[in-house]
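# Architecture and fold: a report
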Amino acid sequence: MIHWATRATTRRTSVNNSDVSISVCKNRDRLQTCFIFRNGCEKRITGTEYIKAGVDKERGRIYFIASDDKQGYKLFSKNGVVNKTFKIYAEWKEFVGDFTLSFDSKENLWFVDKTKKE
């Protein structure tokens, strides 16, 4: 049996209701890392519409922090969907997957850990 790839079947979808999903997608000639926040978890990170992400490759974590409109990425949702998303021009392929948002009390930041994929 042949399973044809269509636009609807080639998009990465989460099989669970995880807090954060990360994927890498192509936009024209460049790759982007795409973030989806579910369950209102972005409200734990920021009270504004803007967010920054930083990677610590030694610890295998992506950290998130609230930002302003000059330095941060705007969180948006399509068609009134509750999930919030943003994209950055960075290739963090090793972080592709679904995660639970965690808090690092030492750094005082929210993060996802690539070793704790769901």
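Keep in mind that what you see is a predicted model, and the values were worked out from it rather than measured.

## A few points about the overall build of the protein chain
From N to C terminus, the protein chain includes two helices and nine strands. Along the protein chain, from the amino end to the carboxyl end, the secondary structure elements read α-β-β-α-β-β-β-β-β-β-β. Here the protein chain holds 118 residues, and the buried ones make up 37% of them. In the protein chain, the share of contacts with a sequence separation of at least 24, taken over all contacts with a separation of at least 6, comes to 51%. As presented, the protein chain carries roughly 8,000 Å² of accessible surface, and 49% of it is formed by carbon and sulfur atoms.

## A word on the side chain of Asp98
With respect to the helices, strands and loops of the structure, Asp98 is situated in strand β7 (residues 97-99). Only 2.5 Å separates the side chain of Asp98 from the side chain of Ser21, close enough to count as a polar contact.

## Remarks on the confidence of the model for the protein chain
Per-residue confidence for the protein chain gives a mean pLDDT of 84; residues scoring 70 or more make up 86%. Across residues 5-11, confidence stays below pLDDT 50; counting only partners more than four residues off in sequence or on other chains, it has two contacts.

## Some points on the nonpolar core
Judged by nonpolar contacts, the single largest core of 19 residues is most densely connected at Phe35, Phe37 and Phe64. Going through the elements one at a time, β1 (20-27), β2 (30-37), β4 (61-66), β6 (84-88) and β9 (109-113) are the ones with two or more residues in this core. Sequence-distant contacts of Phe37, that is, excluding residues within four places in its chain, are made with Asp19, Val20, Glu42, Ile45, Ile51, Phe64, Leu75, Asn83, Lys84 and Phe86.

## Notes on the sheet that holds β6
A sheet is described by the order of its strands in space; here four strands give the open sequence β6-β2-β1-β7, paired in antiparallel fashion. Two strands lie at the open edges of the sheet, namely β6 and β7, each paired on one side alone. The sheet shows a mean angle of 25 degrees between the axes of neighbouring strands, direction not considered. By the bridge criterion, three bridges tie β1 to β7 in an arrangement that is antiparallel. When the bridges of β7 are listed, Ile22 appears paired with Gly97.

## Side note on the state of the cysteines
Joining two cysteines, a disulfide is a covalent bond between their sulfur atoms. For the structure on display, the rule yields one disulfide. One disulfide in the model links Cys25 with Cys34; its S-S distance is 2.5 Å.

## Brief notes about the pattern of salt bridges
As enumerated under the stated definition, the model contains nine salt bridges in all. Note that Lys57 and Glu94 form a salt bridge whose closest N and O atoms lie 3.6 Å from each other. Of the two residues, Lys57 sits in the loop between β3 (50-56) and β4 while Glu94 sits in the loop between β6 and β7, which places them 37 residues apart along the sequence. Glu94 gets classed as partly exposed once you look at its relative accessible area, which sits at 29%. Notably, a salt bridge pairs Asp113 with Arg61, separated by 3.7 Å at the nearest N-O pair. Here the residue Asp113 occupies a position in strand β9, and Arg61 occupies one in strand β4, the gap between them amounting to 52 residues. The two residues Asp113 and Arg61 agree in class, both being buried. What you see here is one network of salt bridges that share partners, running through Asp56, Arg59, Arg61, Asp104, Glu107 and Asp113.

The rules behind each value
Residues numbered from 1 in each chain as written. Predicted model: local features only at pLDDT ≥ 70, side-chain atom pairs only at ≥ 80, totals over all residues. Heavy atoms only, no water. Helix = DSSP H or I, 4+ residues; strand = E, 2+ residues; numbered from the N terminus. Buried < 20%, exposed > 50% of the residue type's maximum accessible area, 1.4 Å probe, protein only. Contact = heavy atoms within 4.5 Å. Areas by Shrake-Rupley, 256 points an atom, 1.4 Å probe, with all protein chains shown as cover. Polar contact = N/O pair within 3.5 Å; in protein donor to acceptor, adjacent residues only side chain to side chain. pLDDT = per-residue confidence, 0-100. Core = buried A, V, L, I, M, F, W, Y, C linked by side-chain atoms within 4.5 Å. Pairing = 2+ DSSP bridges. Axes fitted to C-alpha atoms, helices over the stretch in contact; angles between N-to-C directions. Disulfide = S-S within 2.5 Å. Salt bridge = Lys/Arg side-chain N within 4 Å of Asp/Glu carboxyl O.

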